[in-house]
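# Architecture and fold: a report
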Protein chains: 2
Amino acid sequence: MRVTIKDIARAAGVSHTTVSRALRDSEEIRPETRARIRAIAEALGYRPNPVARALQGRRTQTLGVVVTRLSDPFHTEVVQGIEMVAQARGYGVLLSLSHEDPEKERSIVELLAAKQVDGIIVAASRLGSRYLPMLEALQIPIVLINSHQTGPYVYSVATDNVHGGYLATRYLIGLGHRAIAYIGSRRGGRSNQDRYRGYRQALREAGLPLRPEWVVKGDGRVEGGEAAMRRLLETDPRPTAVFCYNDLTAIGALKAALRAGLRVPPDLSIIGFDGLEEGTYVTPMLTTVAQPRRQLGRLAAEMLLEILEGRPSPKHILLQGTLIERESCGPPG
Amino acid sequence: MRVTIKDIARAAGVSHTTVSRALRDSEEIRPETRARIRAIAEALGYRPNPVARALQGRRTQTLGVVVTRLSDPFHTEVVQGIEMVAQARGYGVLLSLSHEDPEKERSIVELLAAKQVDGIIVAASRLGSRYLPMLEALQIPIVLINSHQTGPYVYSVATDNVHGGYLATRYLIGLGHRAIAYIGSRRGGRSNQDRYRGYRQALREAGLPLRPEWVVKGDGRVEGGEAAMRRLLETDPRPTAVFCYNDLTAIGALKAALRAGLRVPPDLSIIGFDGLEEGTYVTPMLTTVAQPRRQLGRLAAEMLLEILEGRPSPKHILLQGTLIERESCGPPG
DNA sequence: CAAATTTTCGCACACGTGTGCACCCTTCAT
DNA sequence: ATGAAGGGTGCACACGTGTGCGAAAATTTG
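Residues numbered from 1 in each chain as written. Chains lettered and ligands numbered in written order. Predicted model: local features only at pLDDT ≥ 70, side-chain atom pairs only at ≥ 80, totals over all residues. Heavy atoms only, no water.

As annotated in an unreviewed UniProt entry, chain A carries the name Catabolite control protein A and comes from Candidatus Thermoflexus japonica.

Laid out in structure tokens, this is it:
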């Protein structure tokens, strides 16, 4: 059997009330008594029962985390960031996967709320604004990662996609490219639109035309990037550089280009987005706009904990991505 | 405020006892009463409080999962398998990362136990047999993934590393290779030894010599594989094929080989282990011995649930890997 | 119609921890 | 010596759900 405060009370010859107070270092209990009880608790190997505490105090010390898929390396790093903060502050992390199904995401969030988590972090939500009424009904603070929404219980941490798209495209322009394509993502939603916006803005500023046939869509994964690149390779004239929605897309694009016998660079330059480890696996290594992924997770968790513990916190945080120059870009050949 | 059975009792004009029984479909309550109470519960939007249930019934419906790092793609797939099963059966998944620190792994397992999880799954444990006394003291069933141990509360699911190593090496021999190297892992522990054992066995059977200078060690990650391959490239004669401890190591080896100007194949053949998605990102795509990773997670979760729900279950399951032929191997050139 | 039986429900307590308030025992002042 | 003041501790209840057992109501039986 597990040791409870009643067992300690019996051993110490006091009531469980006194034990409870002694262990919480209450001023009401005489110091010697406190010390004696602590010693007995130690000797008996007492571990407080968090379930009972939660029932009593209405706090489970647990954060719910909702993610679409873990097989997407973007999310894993975010979750690691969350977990590190949570672990350091004594919170547990209850993980649920939605598999990109909005309906499932909804039911998962409700399930987490029913499980009495203190707060929820949702990474890469697929749910739009119709989401909000539910969140408010739950009365649980929620932090959205890379999905901006507004509402009384809703907070967010995101990277600036417009800026990132602009950064990538400017970089290619700076290398001397004038024929720059964009491979987007069917499933990218708002973030795809924003990166595309940054791309257009950079083109416009440089006085470069926006060619519709150079804007194609993948699916945010390797296969989609590959297929999209094959379509780009058939255009005439061909772009000399490609900005890809994310690194997986870029890796697919690179595969297709290499298979077509192109040298990357100089025949083609490819830049990705995210800053995944995986970008260093390929040859040439992928140049990319890195999102501070772990930071996203960390900040989301810290924000949530601040809110839960009643400290002030900003409601929305926007982070900037940074360019990582590796090998997949160069001047047009 | 949250709706409790007391609220329902008040609305229905019965005691909370009756409500509790009605909702659990007890035979003691008259069918009409049951239906009436259910209707009221429905109307009020009642959700049972799992914390209170856990306190009363000693079950939290939560599984603890311990993993070294999520950034290792091997684990993510395993965790996904676990989560899918858990979600389908109404269990939550409490995730903790140990970051390859044995001491942390220990404390995490104890923390999970303190948090009253019903069972624990440990993926890729770094703790050896001195682990066992603690596990027994906790009296919580534990399933180890890819780490075989024996004890009253200890179960395991693993892939057959000896067989996998043998399979990979036989495949290379079958292609005509007679100079086959092995890049192991410093941190691989038992699994590294077993894969190496399979390698030696295949060499012995084929009458090939085991050359010490062709057995080097990486760290199970890309960088280590790269460095190890550079060392191999300096040997004379050079191996014509390399079996790598895992896919990340193989990706590193491939990078080094390509950088040295080798064609893979025919100048060099490389085979990995794990069957990661990442193996398809590189050019040429990696041939590998695939572990049924999601299956590992699934089986571990199913095993644990069987045990928890009192159904019989095998204590140890050993799965076989399968060869996936892609592009990185061919006859020696 | 009364007694025995069955059905239906509520009382009281349990699970482990926390807390408002009353009570008891010192201690000190009068 | 008596009263007040104050510190130290325990009683009783709360949190939400589940359950053994007894009591009341409904039904069957003699």
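## Looking at the pattern of salt bridges
One pass over the structure, following the stated rule, counts 39 salt bridges over all chains. For arginine 187 of chain B, the salt bridge is made with glutamate 100 of chain B, and the minimal N-O distance between the two is 4.0 Å. In this pair, arginine 187 of chain B sits in the loop between β6 (180–185) and α9 (189–205) while glutamate 100 of chain B sits in the loop between β2 (92–97) and α6 (102–114), placing the two residues 87 residues apart along the sequence. Judged by relative accessible area, arginine 187 of chain B falls into the partly exposed class, the value being 37%. Between arginine 263 of chain B and aspartate 267 of chain B there is a salt bridge, with its nearest N and O atoms 2.9 Å apart. With relative accessibility at 27%, the residue aspartate 267 of chain B sits in the partly exposed group. Connected through shared salt-bridge partners, Arg69, Asp72, Glu100 and Arg187 of chain A make up one network. (Salt bridge = Lys/Arg side-chain N within 4 Å of Asp/Glu carboxyl O. Helix = DSSP H or I, 4+ residues; strand = E, 2+ residues; numbered from the N terminus. Buried < 20%, exposed > 50% of the residue type's maximum accessible area, 1.4 Å probe, protein only.)

## A closer look at the protein's contact with DNA strand C
Taken together, 27 residues lie around DNA strand C, and Arg21, Tyr46 and Arg53 of chain A together with Thr18 and Arg21 of chain B are the ones closest in. Close to the protein, within 4 Å, the atoms of DNA strand C are drawn from sugar and phosphate at a rate of 57%. At 2.8 Å, a side-chain N or O of arginine 53 of chain A approaches a phosphate oxygen of DNA strand C. One of the backbone nitrogen or oxygen atoms of arginine 30 of chain B is found 2.8 Å away from a phosphate oxygen of DNA strand C. Elements that contribute at least two residues to the surface near DNA strand C include exactly α1 (5–12), α2 (16–23) and α4 (50–57) of chain A together with α2 (16–23) and α4 (50–57) of chain B. (Near = heavy atom within 4 Å. Polar contact = N/O pair within 3.5 Å; in protein donor to acceptor, adjacent residues only side chain to side chain.)

## Brief notes about the domain arrangement of chain A
Residues and elements named next belong to chain A. According to the domain assignment, chain A contains domain 1 (5–48), domain 2 (60–158 + 299–312) and domain 3 (161–291). Domain 2 and domain 3 are separated by 30 Å when their C-alpha centres are compared. On the domain 3 side, the residues contacting the seven residues of domain 2 number seven residues. Roughly 620 Å² is buried in total at the junction of domain 2 and domain 3, and carbon and sulfur atoms are behind 47% of that figure. For the interface between domain 2 and domain 3, the tally reads one residue pair in polar contact (both at pLDDT 80 or more). (Domains from an automatic or database assignment. Contact = heavy atoms within 4.5 Å. Buried area = accessible area lost by both parts, 1.4 Å probe.)

## Side note on the sheet that holds strand β9 (residues 269–274) of chain B
All names here are of chain B. The mixed open sheet is built from six strands, whose spatial order is β7-β6-β8-β9-β10-β12. Edge positions in the sheet fall to β7 (215–218) and β12 (322–324), since each has one partner strand and no second. Neighbouring strand axes in the sheet, compared pairwise and without regard to direction, differ in orientation by 20° on average. The pairing of β6 with strand β8 (residues 241–244) spans four bridges and is parallel. Within β8, the position partnered with isoleucine 183 by the bridge is cysteine 244. Strands in contact with helix α10 (residues 222–233) are β6, β7, β8 and β9; relative to β7, the strand with the most contacts, it is inclined by about 155°. (Pairing = 2+ DSSP bridges. Axes fitted to C-alpha atoms, helices over the stretch in contact; angles between N-to-C directions.)

## Looking at the interface of chain A and chain B
On the chain B side, the residues contacting the 53 residues of chain A number 52 residues. Taken over both partners, the interface formed by chain A and chain B buries close to 4200 Å², and the fraction arising from carbon and sulfur atoms is 56%. Inspection of the region where chain A meets chain B yields two salt bridges. When the shortest N-O distance is used, the salt bridge between arginine 259 of chain B and glutamate 327 of chain A registers 2.9 Å. Linking chain A to chain B there are 20 residue pairs in polar contact (both at pLDDT 80 or more). Breaking the side of chain A that touches chain B down by element, the ones donating at least two residues are α4, α5 (73–88), β2 (92–97), α6 (102–114), α10 (222–233) and α11 (247–259) of chain A. Within the side of chain A that touches chain B, the residues separate by chemical class into 25 nonpolar, 15 polar and 13 charged. (Nonpolar A, V, L, I, M, F, W, Y, C, P; charged D, E, K, R; others polar.)

## Quick notes on the side chain of aspartate 160 of chain B
Residues and elements named next belong to chain B. Its location among the elements puts aspartate 160 in the loop between β5 (154–159) and α8 (161–174). For aspartate 160, which is buried and forms no salt bridge, the nearest opposite charge comes from arginine 197, at a distance of 7.7 Å. At 3.5 Å, the side chain of aspartate 160 and the side chain of glutamine 320 are in polar contact. (Lys, Arg positive; Asp, Glu negative; His and termini not counted.)

## Thoughts on the packing of α1 of chain A against α2 of chain A
Residue and element names in this part refer to chain A. Two elements in contact, α1 and α2, have axes whose closest approach is 8 Å; the angle formed by their N-to-C orientations is 105°. In terms of axis orientation, α1 runs roughly perpendicular to α2. Every residue of α2 that contacts α1 at Ile5, Lys6, Ile8 and Ala9 is listed here: His16, Val19, Ser20 and Leu23. Tallied by class, residues from the contact of α1 with α2 come to five nonpolar, two polar and one charged. (Parallel < 35°, antiparallel > 145°, perpendicular 65-115°, else oblique.)

## Here we look at the UniProt feature "domain: HTH lacI-type" (unreviewed entry) in chain A
UniProt marks residues 3–57 of chain A with the feature "domain: HTH lacI-type" (unreviewed entry), using the numbering shown here. When the span residues 3–57 of chain A is considered, its composition is 69% helix and 0% strand, and the gap between its end C-alpha atoms is 20 Å. (UniProt positions renumbered as here; feature names shortened; annotations may be inferred.)

## With respect to the pairing of β9 of chain B
Within a regular strand, the side chains alternate between the two sheet faces. Residue and element names in this part refer to chain B. Most of β9 is tucked away, with six of its six residues classed as buried. Alternating residues of β9 divide into Ser269, Ile271 and Phe273 and Ile270, Gly272 and Asp274, and every residue in both groups is buried. Pairing analysis gives three bridges linking β8 to β9, with the strands arranged parallel. From the neighbouring strand, valine 242 faces β9, where its bridge partner is isoleucine 270. Pairing analysis gives four bridges linking β9 to strand β10 (residues 287–290), with the strands arranged parallel.

## Describing the state of the cysteines
Residues and elements named next belong to chain A. Throughout the structure, instances matching the rule amount to zero disulfides over all chains. Cysteine 329 takes part in no disulfide bond, and the closest cysteine sulfur to it belongs to cysteine 244, at a distance of 9.4 Å. Taking the relative accessible area as the measure of exposure, cysteine 329 reaches 11% and is therefore buried. (Disulfide = S-S within 2.5 Å.)

## Topic: the protein's contact with DNA strand D
Close contacts around DNA strand D come from 28 residues, with Thr18 of chain A together with Ile5, Arg21, Tyr46 and Arg53 of chain B the closest. In this structure, threonine 17 of chain A approaches DNA strand D through a side-chain N or O atom, which is 3.1 Å from a base nitrogen. Residue composition of the surface near DNA strand D, by class: seven nonpolar, twelve polar and nine charged.

## Regarding α10 of chain B
All names here are of chain B. Helix length check: α10 (twelve residues) gives 17 Å between terminal C-alpha atoms against 16 Å at 1.5 Å per residue, within 8%. Those residues of α10 that fall on the buried side of the exposure criterion are Val222, Gly224, Gly225, Glu226, Ala228, Met229, Leu232 and Leu233. Elements in contact with the buried residues of α10: β6, β7, β8, α11 (247–259) and β9. (Expected span 1.5 Å × (residues − 1).)

## Some thoughts on the environment of leucine 167 of chain B
Residue and element names in this part refer to chain B. Note that leucine 167 resides in helix α8. Counting along the chain gives 63 residues from leucine 167 to lysine 104, while the straight-line C-alpha distance between them is 35 Å. Apart from residues no more than four positions distant in its own chain, leucine 167 is found in contact with Val289, Gly321, Thr322 and Leu323.

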